[in-house]
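Take a look at the letters that make up each chain.
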Amino acid sequence: QVQLVESGGGLVQPGGSLRLSCAASGTIFSIYSMGWYRQAPGKQRELVASITSGGRGNYADSVKGRFTISRDNGKKAVFLQMNSLKPEDTAAYYCAQYRVGTIIVDYWGQGTQVTVSS
């Protein structure tokens, strides 16, 4: 059974940084594209960044230049480095594993809360 476990969320001041981690188990991992999504209260869940099995990242316009997605296939982990955080980045952040060759999410993590506030 595939499990995705996020960590690294917390409270940070505007302009600060956080690094989210997602540890995967029960999956081959290296063959799957992975993604980070976020959902703020009262809003729909949105894609923040995704990374292909080959390591190519794609980003939402709102985070380009501030966030970096990466992966370590040996550790079965995907990361989201978040810099220059803004209050509007406040949300629950979710790790996702895509179905091979598609943009369909097969598995979600439980989420980790990121709060950007002074």
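Criteria and thresholds
Residues numbered from 1 in each chain as written. Predicted model: local features only at pLDDT ≥ 70, side-chain atom pairs only at ≥ 80, totals over all residues. Heavy atoms only, no water. Helix = DSSP H or I, 4+ residues; strand = E, 2+ residues; numbered from the N terminus. Buried < 20%, exposed > 50% of the residue type's maximum accessible area, 1.4 Å probe, protein only. Patch = residues over 30% accessible without salt bridge, like charges linked within 9 Å, V, L, I, M, F, W, Y side chains within 5 Å. Areas by Shrake-Rupley, 256 points an atom, 1.4 Å probe, with all protein chains shown as cover. Salt bridge = Lys/Arg side-chain N within 4 Å of Asp/Glu carboxyl O. Core = buried A, V, L, I, M, F, W, Y, C linked by side-chain atoms within 4.5 Å. Pairing = 2+ DSSP bridges. Axes fitted to C-alpha atoms, helices over the stretch in contact; angles between N-to-C directions. Polar contact = N/O pair within 3.5 Å; in protein donor to acceptor, adjacent residues only side chain to side chain. Contact = heavy atoms within 4.5 Å.

Q: Quick question: what am I supposed to make of the overall build of the protein chain here?
A: When helices and strands are counted, the protein chain shows 0 helices and 11 strands. Going residue by residue from the N terminus, the α and β elements of the protein chain occur as β-β-β-β-β-β-β-β-β-β-β. On the principal axes, the C-alpha backbone points of the protein chain span a range of 40 × 25 × 25 Å. Looking at the protein chain residue by residue over its 118 residues, the buried ones come to 42%.

Q: What's the story with a nonpolar patch on the surface in this structure? I'm lost.
A: Together, I28, I31 and V100 make up an exposed nonpolar region whose accessible area comes to about 270 Å². By the secondary structure assignment, I31 is in the loop between β3 (18–25) and β4 (34–39). Overall, the relative accessible area of 41% leaves I31 in the partly exposed class.

Q: Sorry, what's going on with the nonpolar core here?
A: Nonpolar side chains in soluble globular proteins tend to be buried together. Ranked by size, the top nonpolar core spans 26 residues in total, and within it W36, V48, F67, V78, L80, M82 and Y93 carry the most contacts. Secondary-structure elements contributing two or more residues to this core are β3, β4, β5 (46–51), β7 (67–72), β8 (77–82), β9 (91–98) and β11 (112–116). The leading source of residues in this core is β3, at 4 residues.

Q: Would you take a moment to explain the sheet that holds strand β1 (residues 3–7) for this structure?
A: Strand-to-strand pairing in sheets goes through backbone hydrogen bonds, with the strands running parallel or antiparallel. Ordered by their spatial adjacency, 4 strands build an open sheet running β1-β3-β8-β7, and the pairing between neighbours is antiparallel. Both outer strands of the open sheet, β1 and β7, are each paired with one neighbouring strand and no more. The average undirected angle you get between the axes of adjacent strands in this sheet is 15 degrees. Relative to β8, β7 runs antiparallel, the two being bridged by 6 bridges. Bridged to F67 within β8 is M82.

Q: Even after reading the chapter, I still don't get the side chain of E6, so can you show me in this structure?
A: Tracing the chain through its elements places E6 in strand β1. A polar side-chain atom of E6 sits 3.0 Å from the main-chain amide nitrogen of Q110. Excluding residues within four positions of it along the chain, E6 makes contact with S21, C22, W36, Y93, Y94, C95, G109, Q110, G111 and T112.

Q: Is there a simple way to explain the environment of T112 in this structure?
A: Looking at the element boundaries, T112 is found in strand β11. Judged by its relative accessible area of 12%, T112 is buried. As a C-alpha pair, T112 and I31 span 81 residues in sequence and 24 Å in three-dimensional space. Dropping the residues within four chain positions of it, T112 is found in contact with E6, S7, G8, G9, L20, A91, A92 and Y93. For T112, the side chain forms a polar contact with the main-chain nitrogen of G9, separated by 3.2 Å.

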